[in-house]
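Structural features, examined
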Amino acid sequence: MTKLLLGAEAIAQGALDAGISGVYAYPGTPSTEITEFIQRAQRDPGKTVRSAWSTNEKTALEAALGMSYAGKRSLVCMKHVGLNVAADPFMNASITGVHGGLTIVVADDPSMHSSQNEQDSRVYGKFAMIPVLEPANQQEAYEMTRYAFELSEKSRLPVMLRVPTRLSHSRSTVQRGEPRGQNPLNPSTEKGQWILLPANARGNYQRLLDKQEELVALSESSPFNWVKRWSNEETNNITGVIAFGIAYNYAMEVIRAYHLPVEVLKISTYPLPKNLVNRFIEKHNTLLIAEEGYPVCEELLKGYRGDNALRGRLDGTLPRTGELSPGLLAKALGVETSEPNAVPAIVKGRPPMLCQGCGHRDLFHALNEVMAAYPNYRVFGDIGCYTLGALPPFNAIHTCVDMGAAITMAKGAADAGMRPAVCVIGDSTFTHSGITGLLDAVNDRSPLTVIISDNETTAMTGGQDSAGTGRFHDICRGIGVAEKHIRTLVPLKRNHEENVKVLREELEYEGVSVIIAQRECVQTAKRKRKKA
Amino acid sequence: MNKNIIIAGVGGQGILTIAAIIDLAAMKLGLHVKQAEVHGMSQRGGAVESHLRLSSEEIFSDLIPLGKADLILSIEPMEALRYLPFLAPDGVIVAATEPIENIGNYPDREKVLETIRQSAQHLLVEAEPLAREAGSARAGNVVMLGAASPYLGISAGQMEGAIARFFGRKGDEVVEMNINAFRLGRAQAIKKDETNQ
Ligand SMILES: Cc1ncc(C[n+]2csc(CCOP(=O)(O)OP(=O)(O)O)c2C)c(N)n1
Ligand code: SF4
């Protein structure tokens, strides 16, 4: 059965065919489509894979670990920065190990198409000392996902599958294999493994270290790593390229197009196959290291004193930042290409913007009017569609760092004496990581106004369900925000005067206040109407 | 057979629909397909593009190399020019003439069209009236697919088959409307070809 699938969908199909019992995820570009594919597949009758969205990446990974404890296979998906949120269970799950297979898909975003940074998740994989798999194409994404579960159960470790945006969001044909059934319920009977008291943890950690040699051996014999030469000519001293994951495609594209006498070592598994790599390096006087992301392996292979035969991102043969492309590989391999056409000067940038009719717009109009009364005011912002309020014509927010930081940064600024201390946070971001910060503010009585721009969905990533919809008033009251300082408004033009008044009152209040600006995202509403 | 196609437009214009229809036709012919898309932030009214590669050989890169696109198919005139660095020296631009002016500094429309004319072989199509004629103002993307169809290396019959399969779930009326839109767009290309001869 062949299907045209996004890399993300190939992973999803691979996980389903590997017999997962659940996927746990919080949306994040470019990982969202994995879970969405599984959710769509579960609409058919008789499907039993649990797939609802989690509140954040940490809750997702812990739940998946619990499913693994119970003996079943589970999948976790997140974008790269999501792994920062899930870092605690991530690091400790490598110490406990797993029971049922556990695969953690992390989608990196080199060039920051939709992200705050371009961190390389392979660093985390090495940090946790677990196997990392990095497919080069959609077919491998499918096969390596299936393999990840086998490897996880064999090594009794979580396995990371790392994909970049370009693979996650690119389609190609994928050939499916025979699906495997789910594992039966079979809770772990191990005792010490799961109780990370120091005495147990030391033993577990030693076992993790002892497994490393076996992991390297698996890499050495992995069918996903190979040496390839485009031309058959036996020439000596040709250039070698060590290409990791998707970088292999760019190298091969160029080598084929220009008939380059270059030999490529493709690597898709970590820890590195040490002998394979060493043999390859010894064979070549000039070597290019092509990695999508940070120069993780380049740094390792070059060593502290620097091996000058190794070219790559560190010596400027390839750019230090941003995603790779065929053009960059061509240049790095010394191909003279004609200068491409320039983009004509008449072309203007077309940045994304808030939709017409979006409630965030009306909120920012009201907020800007109120804030204008304060000299040099600042509004702390967060991540979501409403981040676009930082751009003209609104220029309404002044920070965007990480999910939840609007509230906690505003609190710190309030503690430092900033008045008024105001922040805007989306509903999904609030439940993801805002609630704990609000509790801090309540406990500390920090004078702070939190505006929850509640569009009843996770809009930025395409309109997924939001964990707290309909309950924000109750959540804030439960945490201890005074009832009369939890105000709800509807951000519409016709309510402008009234909304301005509410905002003004709460900004002047010397305590914690919450304003819930509530109106459904127009895109989500449209989709719902279409479905109905 | 080897075709590199950039499909361009503004978020919400339906460029992925065009790509999906070409994919269907190409797969029926047993061609290899790779199609890189833009998801996420830019879809919110920003510039979006898809790199579509068809080949009878294995395709390595998901991205089209600079200077190697045979065709830029754009549903918006200024967006066609944004991807000019990808266009091959003998490549073709097929673009709709109706601008989406959702930015404050949108350039003069006539100058945009003139720049396209000077940049490459081109076919400029007023898509909206044709889409209306076909039965829906929203079928502009399929009109443009028709206009670009002589450059795809896939026959009109194959393309119409793919349109029928793509819209099949939505009923005969929708299929027929889109096939009409496709034919009206294609007629523009044929007309241009005849006047050139
Ligand atoms: C740790 C982390 N996880 C996921 C994301 C991706 N992401 C950015 S904004 C967002 C959703 C925001 O939803 P909400 O707060 O409701 O705002 P809206 O987009 O609906 O306005 C997500 C999932 C991220 N940037 N960081
Ligand atoms: S998707 Fe929804 S929340 Fe995002 S800008 Fe559009 S209307 Fe606003």
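Before going into details, it helps to say that this report is about the structure given with it.

Turning our eyes to something else, we now look at the pairing of strand β9 (residues 239-244) of chain A. All names here are of chain A. Counting buried residues in β9 gives 5 out of 6 residues, a clear majority hidden from the surface. Sheet topology places β9 next to strand β10 (residues 262-267); 6 bridges connect them, and they run parallel. Directly across from Ile-242, in β10, lies its bridge partner Leu-265. Handedness of the crossover joining β9 and β10 through helix α10 (residues 247-257): right-handed. Sheet analysis places β9 next to strand β12 (residues 287-290), joined by 4 bridges and oriented parallel. Bridge pairing links Val-241 to Leu-288 in β12.

Bringing the site of ligand 1 into the picture now. All names here are of chain A. Around ligand 1 there are 26 residues in total, and Glu-57, His-360, Asp-427, Thr-429 and Ala-459 lie nearest to it. Between an oxygen atom of ligand 1 and a side-chain N or O atom of Asp-427, the distance comes to 2.8 Å. Thr-457 places a main-chain nitrogen or oxygen 3.0 Å from an oxygen atom of ligand 1. Compared with its free state, where it exposes 590 Å², ligand 1 has 97% of that area covered by protein. Looking at the shell around ligand 1, the elements that each hand over two or more residues are α4 (80-85) and α16 (427-444). Ranked by residue count, the leading element in the shell around ligand 1 is α16, at 4 residues. Domain assignment of the residues forming the shell around ligand 1 places at least three in each of domain 1 (2-210) and domain 3 (359-528).

All names here are of chain A. Taking strand neighbours across the sheet as the criterion, the 5 strands line up as β8-β10-β9-β12-β13 in an open arrangement whose pairing is mixed. A single partner strand is all that each edge strand has here, and the edge strands are β8 (226-229) and β13 (310-311). Taken together, the 2 bridges between β12 and β13 define a ladder with parallel strand orientation. When the bridges of β13 are listed, Leu-287 appears paired with Leu-310.

Right, let's talk about the packing of aromatic side chains for a bit. One pass over the full model with this rule turns up 9 aromatic pairs over all chains. Summarising the aromatic geometry, the rings of Trp-226 of chain A and Tyr-248 of chain A are spaced 5.6 Å apart at their centres and angled 90° between planes, so their arrangement reads as edge-to-face. Linking Trp-226 of chain A in strand β8 with Tyr-248 of chain A in helix α10, this pair joins segments that are 22 residues apart in sequence. Its relative accessible area of 30% is what places Trp-226 of chain A among the partly exposed residues. Seen in terms of ring centroids, Tyr-248 of chain A and Phe-60 of chain B are 6.3 Å apart; in terms of plane orientation they differ by 90°. Their pairing is edge-to-face. Of this pair, Tyr-248 of chain A sits in helix α10 while Phe-60 of chain B sits in the loop between β3 (47-55) and β4 (69-74), placing the two residues on different chains. Given a relative accessible area of 5%, Tyr-248 of chain A falls into the buried group. Judged by its relative accessible area of 3%, Phe-60 of chain B is buried. One aromatic cluster is present, built from ring pairs that chain together Trp-226 and Tyr-248 of chain A together with Phe-60 of chain B. The ring of Trp-226 of chain A carries Lys-266 of chain A above its face, with NZ or CZ at 4.1 Å from the centroid. Residue placement shows Arg-320 of chain A over the ring face of Tyr-294 of chain A; its charged tip is 5.4 Å from the ring centre.

The rules behind these values
- Residues numbered from 1 in each chain as written.
- Chains lettered and ligands numbered in written order.
- Predicted model: local features only at pLDDT ≥ 70, side-chain atom pairs only at ≥ 80, totals over all residues.
- Heavy atoms only, no water.
- Buried < 20%, exposed > 50% of the residue type's maximum accessible area, 1.4 Å probe, protein only.
- Helix = DSSP H or I, 4+ residues; strand = E, 2+ residues; numbered from the N terminus.
- Pairing = 2+ DSSP bridges.
- Right-handed = clockwise from strand over helix to strand, strands pointing away.
- Near = heavy atom within 4 Å.
- Polar contact = N/O pair within 3.5 Å; in protein donor to acceptor, adjacent residues only side chain to side chain.
- Areas by Shrake-Rupley, 256 points an atom, 1.4 Å probe, with all protein chains shown as cover.
- Domains from an automatic or database assignment.
- Phe/Tyr/Trp six-rings, centres within 6.5 Å; stacked < 30°, edge-to-face > 60°.
- Lys NZ or Arg CZ within 6 Å of the ring centre and 35° of its normal.

Shape is all these values report; function is a separate question.
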